[in-house]
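Structural characterization, general
Read off the chains here:
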Amino acid sequence: MGFESSKEQLKVKTEIRCMTCDYKIVRDFQQGDFVPKIVGQCPKDGGQLYIAGIYAESTAQQKK
Ligand SMILES: [Zn+2]
């Protein structure tokens, strides 16, 4: 068994956080995303949601 080259894909994820509480979600990156863009309202306390980070995530799961 071996790894086939270029089967592993990187997915780009966008991490969104609330400014006023600890609410956080991660969704797929969308065109136009940047840090620290305001993207909406928090469903918990109505605070502003902003993009806290954008990162690439490997689809191959690594466990520690
Ligand atoms: Zn909040």
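Residues numbered from 1 in each chain as written. Predicted model: local features only at pLDDT ≥ 70, side-chain atom pairs only at ≥ 80, totals over all residues. Heavy atoms only, no water.

**Quick word on unusual backbone geometry**
- Along the chain, Val35 connects to Pro36 via a cis peptide bond; the corresponding omega equals -5°.
- Turning to its location among the elements, Pro36 is positioned in the loop between strand 2 (24-28) and strand 3 (38-41). (Helix = DSSP H or I, 4+ residues; strand = E, 2+ residues; numbered from the N terminus.)

**Describing the sheet that holds strand 3**
- Ordered in space as 2-1-4-3, the four strands form an open sheet in which the pairing is antiparallel. Bordering the open sheet on either side are strand 2 and strand 3, each of which pairs with just one other strand. Geometrically, the sheet is characterised by an average inter-axis angle of 35° between neighbouring strands, direction not taken into account.
- The sheet contact formed by strand 1 (residues 10-18) and strand 2 spans five bridges and is antiparallel. If you follow Ile16 over to strand 2, its bridge partner there is Ile25. (Pairing = 2+ DSSP bridges. Axes fitted to C-alpha atoms, helices over the stretch in contact; angles between N-to-C directions.)

**Brief notes about the nonpolar core**
- Core analysis: the largest hydrophobic core is formed by five residues, namely Ile16, Cys18, Cys42, Leu49 and Ile51.
- Among the elements of the structure, strand 1 and strand 4 (48-58) are those that each provide at least two residues to this core.
- When sequence neighbours within four positions are dropped, the list of residues in contact with Cys42 reads Cys18, Cys21, Tyr23, Gly47 and Leu49. (Core = buried A, V, L, I, M, F, W, Y, C linked by side-chain atoms within 4.5 Å. Buried < 20%, exposed > 50% of the residue type's maximum accessible area, 1.4 Å probe, protein only. Contact = heavy atoms within 4.5 Å.)

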